[in-house]
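These are the residues of each chain, in order.
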Amino acid sequence: MTTPPPGCPAHTPGAIAHHASGDFHATYAHLRREHPVYHDPELDLWVVSRHHDIDEVLRDRDRAFTPAHSYDPVQPTDPEAARIYTAVHDVPVAASSDPPVHTRYRDALTAVWPTSASQLAPWHAHIEKRALQTAETFAARPTRTGELGADYARPLTSRIMSDLIGIAPEDEQCVITGSSGMADLLWSFQQPADQQRCAQSVVDLWNLCTRLVAQRRNDPQDDLTTAWIAHRDEHGLPLTDAEIASTLMEVLTTNAETLGLLITTAIQHLLADGYRHLAHQPELASSAIEETLRLDPPLIGWLRTTTRPTTLAGTDLPEGARLLLLMHSGAHDEVHGVRASETFDPRRQDTPPVLNFGAGIHYCPGAQYTRLVARHALAALATTLPALTLTAPAPAPRPANLILRRPVELKVAW
């Protein structure tokens, strides 16, 4: 798949694979109106586009849906890539587990990870300092040019995450490569050699996580890995090394990919309108993050599978049906009554509820951390480089990915 096929996705098999590319708002509106739930035979996915229906699936009050296959590749997998990926394919994480496994993972995750304002408070000064250091390093580039994702957002988010988890600076590239490789292997469309490369990068990241747990067993440090080793559940039982490693894997891959994309995309929109005000109006950073989550979020879809025959929006679904939840479409649902919904406006007062962080028991524990880091990242860059500009007014088309909306490159100068 190299170019978006024409026509309505409900009548053009495979077309929805390109919903991360270009402007899909009109297509989303058409699907919400005419085909709120439909089956794509090429991808073998049931596509869901309305906010209410997506919210119903995510909250799953009747246990009709499971996240168990969220990390199964959507593309036909090359046999060698599948063999490599086998090493981590069955590793459970909170996002792909049902209770009681999910409960055990989530309780451990929220007991240690800073999920609330009070837990994050001790980290505010450190995150702000790291953001300023990264912005100053970026500004010191001799060429006075750079790429926002690779040269600023990803190094910043990786460094902060490494500070919390306890990852050495020389291992940060493994986290970045493994996280990107996982997103490509699972939710993109690649040639066999690229699938194999991505699968190996995911395995390399898993091996890094297992090594880190073993190191902290022998040499405890003041970091979250050591805290997870010390954690005991409600029955007084510790996590196994594999459970801790899988928790690290989930936290690292989630943040390394989506948080950097959120920062990059928010800056892209602000450079078109509003960036020059950031340095003097720091509150604008928070509202710009919320507007980016509404208009152009990094996470545009998610996956669920039916556990039994069920009905959604009047459509009968068989047991084992795999659902693609178009969360990006849900944010633009007409039911919200948002004015000028396709316009970036960080000062808007009618921001609707968004589903970027999930809902129900699977609501992302890192939501507040994500907002905090992104806010400091925007403020630090605007303070350090107030004259930042995009060197290409029209960024390159975004690659096909069912779950992530990624800028290919955002080159800037100052």
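First, a word on what this report is: a plain description of the structure on this page. Everything numeric here is computed off the predicted structure, so don't read it as measured data.

1. With respect to empty space enclosed by the protein
The full count for this structure, using the stated rule, is one cavity of 30 Å³ or more. Estimated volume of the largest cavity: approximately 750 Å³. As for the largest cavity, its lining consists of 40 residues, and the residues nearest its centre are Ala95, Thr254, Leu299, Trp302 and Cys364. When residues of the lining of the largest cavity are traced back to their parent elements, those giving at least two are α4 (101–112), α8 (172–187), α11 (241–272) and β5 (302–306). Looking at which element gives the most residues to the lining of the largest cavity, the answer is α11, with nine residues. For the lining of the largest cavity, the class distribution of residues is 25 nonpolar, 11 polar and four charged.

2. Considering the layout of surface pockets
Here the second largest pocket is characterised by a volume of approximately 310 Å³. Counting residues per element, the ones that place at least two in the lining of the second largest pocket are α3 (79–89), α9 (192–218) and α11. Of the residues belonging to the lining of the second largest pocket, the class tally is 11 nonpolar, four polar and three charged.

3. Some thoughts on the pattern of salt bridges
Evaluated as defined, the whole model comprises 24 salt bridges. Ionic pairing is found between Arg59 and Asp55, a salt bridge with its closest N-O pair at 2.9 Å. Here Arg59 pairs with Asp55, and both are found in helix α2 (residues 51–59), just four residues apart, close to one helical turn. Judged by relative accessible area, Arg59 falls into the partly exposed class, the value being 36%. In this structure, the salt-bridge partner of Arg83 is Glu80, at a minimum N-O distance of 2.7 Å. Linking Arg83 with Glu80, this pair stays in helix α3, spanning three residues, or about one helical turn.

4. A look at the packing of α9 against α11
Closest axis-to-axis distance for the α9/α11 pair is 9 Å, and the angle between their directions is 125°. Judged by the angle between their axes, α9 and α11 are oblique. Two packed elements cross with a definite hand, and for α9 against α11 that hand is right-handed. Here α9 contributes Val202, Leu205, Trp206, Cys209, Thr210, Leu212, Val213 and Arg217 to the contact with α11, which in turn contributes Asp241, Ala242, Ile244, Ala245, Ser246, Leu248, Met249, Leu252 and Thr253. For the contact of α9 with α11, the per-class residue count stands at 12 nonpolar, three polar and two charged.

5. Quick notes on the pairing of strand β2 (residues 45–48)
Alternating residues of β2 divide into Leu45 and Val47 and Trp46 and Val48, and every residue in both groups is buried. With four bridges joining them, strand β1 (residues 37–40) and β2 adopt antiparallel strand pairing. Each bridged residue has a counterpart across the sheet, and for Asp40 the counterpart in β2 is Leu45. Count of turn residues in the β1/β2 antiparallel hairpin: four residues, of which Asp44 carries a positive phi of about 55°. In terms of strand pairing, β2 meets strand β8 (residues 322–325) through three bridges, oriented parallel. When the bridges of β8 are listed, Val47 appears paired with Leu324.

Calculation rules
- Residues numbered from 1 in each chain as written.
- Predicted model: local features only at pLDDT ≥ 70, side-chain atom pairs only at ≥ 80, totals over all residues.
- Heavy atoms only, no water.
- 1 Å grid on protein atoms, 1.4 Å probe; cavity = no way out; pocket = protein on both sides within 12 Å on 5 of 7 lines; lining within 4 Å.
- Points joined across faces, edges and corners; volume = space filled by probe spheres on them.
- Helix = DSSP H or I, 4+ residues; strand = E, 2+ residues; numbered from the N terminus.
- Nonpolar A, V, L, I, M, F, W, Y, C, P; charged D, E, K, R; others polar.
- Salt bridge = Lys/Arg side-chain N within 4 Å of Asp/Glu carboxyl O.
- Buried < 20%, exposed > 50% of the residue type's maximum accessible area, 1.4 Å probe, protein only.
- Axes fitted to C-alpha atoms, helices over the stretch in contact; angles between N-to-C directions.
- Parallel < 35°, antiparallel > 145°, perpendicular 65-115°, else oblique.
- Left-handed = near helix turned anticlockwise from the far one by under 90°.
- Contact = heavy atoms within 4.5 Å.
- Pairing = 2+ DSSP bridges.

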